[in-house]
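# Residue-level structure breakdown
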Amino acid sequence: MDCNRALEYATNKHKGQKRIGGDEYISHPVAVSNILKDLGYSSDVQIAGLFHDLLEDTDAAKEEILELSNAEVLEVVTLLTKEEGYDMNQYMIRIRANEIALVVKLADRLHNLICAVYADEKFKKKYIVETQKYYIDLAAGTSFENPIKRALQGLIDSVEKEKV
C-alpha cells in the first residue's frame, strides 16, 4: 500500500474543511494515523486511521478507498462511518467486533479529546459525557486506556477552570 498516495488522497478529499481550533481538517486524520504508527500498528491500520472520516465527511467513494488500500481497510472505514439516524450502542457493538476499527476509533477519540479544549463549554460537556458513557469501557484493557483517561481528565479540568 502506498502511504503517500493515501495521504494525498485524504488531503484532497478533506480540502477546505477546518477543525474547531481552525486547523486544516486533514491534521486530525494525520494525527490519528501517527498515534497508530507510534504504537507500532501496521501501515494498513495507519491508513485506516488516515481514511476513517472519509465516507462520513467527504464525497469519497468506497471504490476509491478500496483502490488505494484493500478490503480490510474499506471494511474498517465503513464500520467507523456514522450514518444518519445511527444508534450509538449499535455503533459501539460494530466497532468492538473489529480489532482494527476498535484501535482506530480509540486513536480518533484520544486525538479529539486532546483537541476538545478549543471547543465551547456545551461541546466539551457533551464530549465528556459521551466519553464516560462509551469510550472508557471501550478502551479498558488496551494501550489507549490511560491516555484516554488522562485526556478526559484534562478536558474536565478545562471546563472546571472556565467556571472560576
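See the structure above.
The paragraphs below set out a description of the structure included in this document. As the structure is a computational prediction, the values presented were derived from the model and not from experiment.

### Focus on the overall build of the protein chain
Scanning the protein chain from terminus to terminus reveals ten helices and zero strands. The order of helices and strands in the protein chain, counted from the N terminus, is α-α-α-α-α-α-α-α-α-α. Taking 164 residues into account, the globule formula puts the C-alpha radius of gyration at 15 Å, and the protein chain, at 16 Å, falls close to it. The principal-axis extent of the C-alpha atoms belonging to the protein chain is close to 50 × 35 × 35 Å. Burial analysis of the protein chain (164 residues in total) assigns 46% to the buried set. Residue pairs in contact within the protein chain that sit at least 24 positions apart in sequence constitute 64% of those at least 6 positions apart. Carbon and sulfur atoms form 49% of the exposed surface of the protein chain, whose accessible area is close to 8800 Å². The distance from the centre of the 21 positive side-chain charges to the centre of the 28 negative ones in the protein chain is 6 Å.

Procedures and definitions
- Residues numbered from 1 in each chain as written.
- Predicted model: local features only at pLDDT ≥ 70, side-chain atom pairs only at ≥ 80, totals over all residues.
- Heavy atoms only, no water.
- Helix = DSSP H or I, 4+ residues; strand = E, 2+ residues; numbered from the N terminus.
- Rg over C-alpha atoms; globule rule 2.2 N^0.38 Å.
- Buried < 20%, exposed > 50% of the residue type's maximum accessible area, 1.4 Å probe, protein only.
- Contact = heavy atoms within 4.5 Å.
- Areas by Shrake-Rupley, 256 points an atom, 1.4 Å probe, with all protein chains shown as cover.
- Lys, Arg positive; Asp, Glu negative; His and termini not counted.
- Charge placed at Lys NZ, Arg CZ, Asp CG, Glu CD.

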